[in-house]
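Spelled out from the first residue to the last, the chains are:
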Amino acid sequence: MVDKEIEKTIEALLEERREFKPSADFTSQANVREAAIYQRAADDPEAWWESQADRLDWFQKWDKTFEWNAPHHKWFIGGKLNVAHNCLDRHLDSAGDRVAYHWVGEPGDNRSITYSDLHDQVCRLANGLKELGVSKGDRVAIYLPMIPELPAAMLACARIGAAHSVVFGGFSAESLRDRINDAACRVLITADGGYRRGQIIPLKLNADDAVAECESIEKVIVVQRTLEDVNMQEGRDIVYQDLIEAQSSECEAESMDSEDMLYILYTSGTTGKPKGIVHTTGGYLTGVSSTHHLIFDIKPESDVFWCAADIGWVTGHSYIVYGPLANGCTSILYEGAPDWPDKDRWWGIVEEYKATILYTAPTAIRTMMKWGIDYPNKHDLTSLRLLGSVGEPINPEAWIWYQEFIGGGDAPVVDTWWQTETGAIMISALPGLTTLKPGSATIAFPGVEADVLDDKGGLVGKGGGGYLVLKRPTPAMFRTIFGDDERYRKTYFEKFGDEIYFPGDGAKLDDDGYFWLLGRVDDVMNVAGHRISTYEVESALVDHQAVAEAAVVGRKDPKEGETIVAFVTPRAGHEGTDELMIELRQHVAKVIGKLARPHAIIFTDDLPKTRSGKIMRRLLRDIAEGEKPGDVTTLQNAPILDEIREKAKSLGSRDG
Ligand code: 7RM
């Protein structure tokens, strides 16, 4: 009964929300204006994806579009192409002088690199790699800061047909070592160091520690970024600049099979060793080029696109490197932290380079909300015409704030749902067509068949909630887990069978068939026999004007099953007082129902997050249970944990 009540109030919460139709101005210039695109793609998905593959330059056309031996699938079979050729060479005639990247270093240095500059550098490095013995089919590890050499290194690998494995520069020596060993990489491309909040991250030091335990590594290429003195091992280590200066700037692009591996990217789930997600060539580039063009409404001649993620994550692979370059677009590449030297750094960059599209994560938006509007208000942000969100569900308040204070009230906000595994965006609005609902990722991209199932695999239908699934493969989807195909099947295809991909997320469908993402299904609490998703309670908390960010976990309770513990960051100008605590409990009771009221609320300046900004509820659960937090290797802001643990002592141990 109470479950029904909760359902009802959540529905009420969703229903009262505003909707935003695309403006006539936006639609009149949009890349997609005809809703018929959806029907066309649904009627013949293969033909639709073929039309998108035609966006690329193929050395040889494919013989067969799609082959599905569930859970495996292949795309554009027999087709030959090269990713670096598609991202660089084919633009040179018409757009060689166009800027590929406006690069902004954290200390204030900057460089604008044109497509021909990048082509030159990529060819030289590709020749350098060949000279070091790297050839088609080899793996190359890349451990670099956000500098132009990072996309150059990825493209150099693609040019010669070696797969890259980019390891985020914030990862430790151990993480780097494990990833290198899993893929048996032959070469590592790293740097002396990188800048973060004015400090130098000692990348080469970490790399040396890692490589000491990596038998496969033969050579280490070192970019000189910080010019610190670093150890250079005779015979193994080579300075990047020395290597490329000695090479020719001509290098033929290897003809690759559509299904050849382009890269491996490791993703750490909540448990177990990181999974090496394998992406291939033709399908992947088709997916990222198509989604980037249609969802971000890209006009390559005039747009300045800024995806503010790190290239070490899939968001950076697909929407800083491969999508934008395949589309010949100008991007911003920023090396450092959003609050260095001050909290308006991003807005200064938007103003200076007249960014037209910004793509970032809810966690960043909520952090900006916490810092207050004085920072964006200091700058002219009128160049922004479209905003994007990715990485977590975006709560309606953050959505509205983003549109209002960053987008000037009229920029559409596209909330894009996808994963490392899907390679490209799967659920999102098309900004010239779709009516937006703050908090909903809206509907599946053309050619994507998404749905929501119940525990037994039945359709929940409009108005229902359950498990998000993808019912047919799309070209940019990963092909397997590197070296562990059994785990591929087990992780993603056990729940609903070989033909239905289960991404691990919960979702609801509203009456218009819009998707409302509810976070990972493991983040569901059981309160007195009722299933409540942590996200729903968090969403109610951040709905309160004093709250910037909230994370909710269940704490085992002998009576209730679980009780709800909330970790809450107040917004600028608000204090975590007892009065606020009472108010927030009442607020949740009002918005969702009494049952969802947090049993305890702990105020904290920040929440533990992964290095890509996702809240680590697992660690908060440990703390709430009075246990020592588990594996913290992927944690971005470790010191906050001790602070939160100290504050959580009042919860006592479970028996106390
Ligand atoms: C791109 C990326 C994937 C997980 C995914 C979700 C969550 C991502 C959204 C989202 C709600 C969104 N890749 N997620 N985007 N949840 N709305 N728009 O983030 O592999 O690092 O993470 O992120 O849980 O399964 S990822």
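Residues numbered from 1 in each chain as written. Predicted model: local features only at pLDDT ≥ 70, side-chain atom pairs only at ≥ 80, totals over all residues. Heavy atoms only, no water.

Caption draft 1: Looking closely at the overall build of the protein chain. If you tally the helices and strands in the protein chain, you get 21 helices and 30 strands. Over its C-alpha atoms the protein chain spans a radius of gyration of 24 Å, differing by no more than 12% from the 26 Å that the globule rule assigns to 656 residues. Overall size of the protein chain, expressed as C-alpha extent along the three principal axes, is 70 × 55 × 50 Å. When each of the 656 residues of the protein chain is scored for burial, the buried share is 62%. Put simply, 71% of the contacts in the protein chain that link residues at least 6 apart link residues at least 24 apart. Counting only carbon and sulfur atoms, one obtains 46% of the accessible surface of the protein chain, whose full area is about 24900 Å². Between the mean site of the 71 positive side-chain charges and the mean site of the 103 negative ones, the protein chain shows a separation of 3 Å. (Helix = DSSP H or I, 4+ residues; strand = E, 2+ residues; numbered from the N terminus. Rg over C-alpha atoms; globule rule 2.2 N^0.38 Å. Buried < 20%, exposed > 50% of the residue type's maximum accessible area, 1.4 Å probe, protein only. Contact = heavy atoms within 4.5 Å. Areas by Shrake-Rupley, 256 points an atom, 1.4 Å probe, with all protein chains shown as cover. Lys, Arg positive; Asp, Glu negative; His and termini not counted. Charge placed at Lys NZ, Arg CZ, Asp CG, Glu CD.)

Caption draft 2: Molecular detail of unusual backbone geometry. Of note, the amide linkage connecting Ala70 to Pro71 takes the cis form, showing an omega dihedral of 5°. Relative to the helices and strands, Pro71 resides in the loop between strand E1 (64–69) and strand E2 (72–77). In this structure, the amide linkage connecting Trp340 to the following residue, Pro341, adopts the cis form with an omega of -5°. Along the chain, the position of Pro341 falls in the loop between strand E17 (330–334) and helix H13 (345–353). At Phe76, a position not held by glycine, the phi torsion is positive, near 55°.

Caption draft 3: Main features of the sheet that holds strand E4 (residues 99–104). Here we have 7 strands laid out as an open sheet, ordered E5-E4-E17-E16-E18-E19-E20, and mixed in their pairing. Each edge of the open sheet is held by one strand with a lone partner, namely strand E5 (110–114) and strand E20 (413–415). Taking the axes of each pair of neighbouring strands and ignoring which way they run, one obtains an average angle of 20° across the sheet. (Pairing = 2+ DSSP bridges. Axes fitted to C-alpha atoms, helices over the stretch in contact; angles between N-to-C directions.)

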